[in-house]
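An overview of the molecular structure
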Amino acid sequence: MTKQVYIETYGCQMNVSDTDTILGLLKTDGYSQTQSPDDADVILVNTCAIRDNAEQRVYGRVGELKRHKQKGGVLGVVGCMAQRLGSDLLEEVGHVDLVVGPDGYRTLPELIERAGQGDRVLDVSFRTSEHYDDVVGNGEGTKGSRFVTVQRGCNYRCTFCVVPMTRGDERSRKLSDVIGEVERLAEADTTEVTLLGQTVNSYNDGTHDFSDLLRAVGKVDGIKRVRFTSPHPNDFSGRLLSAMAEVPEVCEHVHLPMQSGSSAVLKKMVRRYTRESFLDTVQRLRSAVPEIALTTDIIVGFPGETDRDFEETLSLVREVSFDDAFMFKYSLRDGTPAVKLRDRVPEDVSSERLQLLIETVRDEARRKNLRLVGKTMEVLVEKPARRGDLLQARTRTNKVVLVENEGIDLWSYLHVRLTGTTGSTFTGVPVKARKELAVWE
Ligand code: SAH
Ligand code: F3S
């Protein structure tokens, strides 16, 4: 009988991509995936450590999963929280049998076997040469659009961030290995790829930089859209901007983490840019790629953030006019340099700031999105929408459009006219593409 694995994924796209790798590895070893923890011989939770509430959610979930663990079954915690807590996690949670960090997945089949025999297994070694290059991911349900990890780890040391502790130092995959993977995906009907890295645009394999990579991925037969996330604002070289402008497959969207609008706070965060140089990057992006959509990450309540600093964040948000943002209250992470900073911001002040920030970002986004109603755009159809008989599709600028499901195939491209917006998402109706019209007429 095949062994069954159940896996839950928390956190960022890289974890989604890692889960795909884990499932690929386990399938090669004779496992099949189950959607029910009750049927599973092995239950895995792929975890995030970025903020305390991410970890608390995992603790809660791992507690619940105890009920579902079979006699002789294995419950494992993998990913960033596993890496961060290591043996503490085994000590704290008695029913966890296995704790494995992001560089240890290759030997998961053996580690699981050992755990099945009653060992409590720990592997949190960093392996800087590990890229899982030869592992064929699982990819079910996401065939049309796939994540491709091109870089792991991070060499920046933003003072708030655990990623350097959980993912180790930056390393880039060889360009030829990335292209090999993208070619295999394209042969299996993938038309959109999202290149992943913690600071993806600092990619460098010793010979090629990120602009080379974008150009090479854009040339792969069958690839129609290339995305990447997340870049660091400091790593947009002239070469990269030219590649973004010249490679037609590269989509008109950049997620550009800003974190704060105050140069004083940015300095304490060791983000290595100022308000002014961030704005300059925004302008360079907009002149290289007109109509580019920009989204961002922002933290409020970083130690020492004054009302005035926060005002500067609000004003930069208005000045840039982002299309959307992920916004967070600062969460203190053990072992990060910011632990030593004084003047912690009280919780109620952070909450109030977060609320104000969310309203400001939403207002800007709504204003921009209203202007798009009536326009025609190419979308890629991704999945049935939650609401009714609609499909969810995405524009090149990463806007979600709900389209009526009139026999439209998933993962097909169509042109839609945007008919309305909630402020963040759109409704749209299919129109014939101009090219098709030319053929018809
Ligand atoms: N370069 C990475 C960043 C990962 S963390 C990337 O690929 O996007 C994602 C976002 O979480 C960060 O941009 C930051 O805004 C937020 N974040 C990180 N550490 C945080 C902390 N300690 N408290 C609150 N938010 C945090
Ligand atoms: Fe974290 Fe800064 Fe790297 S946010 S992932 S240390 S660029």
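Residues numbered from 1 in each chain as written. Chains lettered and ligands numbered in written order. Predicted model: local features only at pLDDT ≥ 70, side-chain atom pairs only at ≥ 80, totals over all residues. Heavy atoms only, no water.

Examining the environment of G30
Along the polypeptide, G30 turns up in the loop between α1 (13–28) and β2 (31–33). Leaving out residues up to four positions away in the same chain, G30 has contacts with T2 and K3. (Helix = DSSP H or I, 4+ residues; strand = E, 2+ residues; numbered from the N terminus. Contact = heavy atoms within 4.5 Å.)

Topic: the nonpolar core
In terms of nonpolar packing, the biggest core is built from 65 residues, with L195, F228 and M244 touching the most fellow members. Once residues lying within four places of it in the same chain are set aside, the contact partners of F228 are T194, L195, V200, F210, L214, F236, M244, V250 and V254. Within the second largest apolar cluster, 23 residues are counted, among which are A54, V62, L65 and L75. (Core = buried A, V, L, I, M, F, W, Y, C linked by side-chain atoms within 4.5 Å. Buried < 20%, exposed > 50% of the residue type's maximum accessible area, 1.4 Å probe, protein only.)

A word on the pairing of strand β3 (residues 42–47)
With 6 of its 6 residues buried, β3 lies for the most part within the structure. Of the two faces of β3, both are covered, the one formed by V42, L44 and N46 as well as the one formed by I43, V45 and T47. Pairing analysis gives 6 bridges linking β3 to strand β4 (residues 74–79), with the strands arranged parallel. The residue of β4 that forms the bridge with T47 is G79. Tracing the backbone out of β3, into helix α2 (residues 52–65) and back to the parallel element β4 gives a crossover that is right-handed. (Pairing = 2+ DSSP bridges. Right-handed = clockwise from strand over helix to strand, strands pointing away.)

Some details on the sheet that holds strand β11 (residues 225–229)
Within a sheet, adjacent strands bond to each other through the backbone by hydrogen bonds, running parallel or antiparallel. Read from one edge of the open sheet, 3 strands run β7-β10-β11, paired in parallel fashion. Pairing within the sheet leaves two strands with one partner each, and these edge strands are β7 (145–149) and β11. Between one strand axis and the next, the sheet turns through 25° on average, direction left out of account. In the sheet, strand β10 (residues 192–196) pairs with β11 via 5 bridges, with the strands oriented parallel. Residue pairing in the sheet places L195 in a bridge with F228 of β11. With respect to the sheet, helix α7 (residues 175–187) is in contact with β7 and β10, its orientation differing from that of β7 by roughly 165°. (Axes fitted to C-alpha atoms, helices over the stretch in contact; angles between N-to-C directions.)

Some thoughts on the site of ligand 1
Q198, S230, Q259, D297 and S331 are the nearest of the 14 residues found near ligand 1. Between ligand 1 and the protein, one listed contact pairs a nitrogen atom with a backbone N or O atom of F160 at 3.0 Å. In the model, a nitrogen atom of ligand 1 is placed 2.8 Å from a nitrogen or oxygen of the S331 main chain. Where the shell around ligand 1 is concerned, the elements lending two or more residues are β13 (293–300) and β14 (324–329). Looking at side-chain class alone, the shell around ligand 1 contains 5 nonpolar, 5 polar and 4 charged residues. (Near = heavy atom within 4 Å. Polar contact = N/O pair within 3.5 Å; in protein donor to acceptor, adjacent residues only side chain to side chain. Nonpolar A, V, L, I, M, F, W, Y, C, P; charged D, E, K, R; others polar.)

Considering α7
Across its 13 residues, α7 extends 18 Å between first and last C-alpha, which sits within 8% of the 18 Å expected from 1.5 Å per residue. Listed in full, the buried residues belonging to α7 are L175, V178, I179, E181, V182, L185 and A186. Relative to the axis of α7, the buried residues are bounded by an arc of 160° and lie together on one face. Tucked inside the fold, the buried residues of α7 contact β7, β10 and α8 (210–219). Positive backbone phi, approximately 75°, marks D189, located one or two places after α7. (Expected span 1.5 Å × (residues − 1). Arc of directions from axis to C-beta.)

What to know about α2
Between its first and last C-alpha atoms α2 spans 20 Å; for 14 residues at 1.5 Å apiece the expected length is 20 Å, and the two agree. For α2, the complete set of buried residues consists of A54, E55, V58, R61, V62 and L65. With its buried residues spanning 125° around the axis, α2 presents them on a single face. In α2, the exposed positions that point more than 90 degrees away from the buried face belong to N53 and R57. Against β1 (3–9), β3, β4 and α3 (80–85) lie the buried residues of α2.

Quick look at the sheet that holds β4
The strand order β2-β1-β3-β4-β5-β6 describes an open sheet built from 6 strands, whose pairing is parallel. Since the sheet does not close on itself, it has two edges, and those belong to β2 and β6 (121–123), each with one partner. In this sheet, adjacent strand axes meet at a mean angle of 20° when their direction is disregarded. Two elements, β4 and strand β5 (residues 98–100), share 3 bridges in a ladder whose sense is parallel. From the neighbouring strand, V77 faces β5, where its bridge partner is V99. Contacting β2, β3, β4, β5 and β6, helix α5 (residues 108–116) crosses the sheet at an angle of about 160° to β5.

Quick look at the side chain of E130
Among the structural elements, E130 can be located in the loop between β6 and β7. Polar contacts involving the side chain of E130 include one to the side chain of R106, which spans 2.7 Å. In this structure, E130 is in contact with D103, R106, R152 and R171, ignoring residues within four places of it in sequence.

So, to be careful, I would describe these as geometric facts and stop short of saying anything about function.
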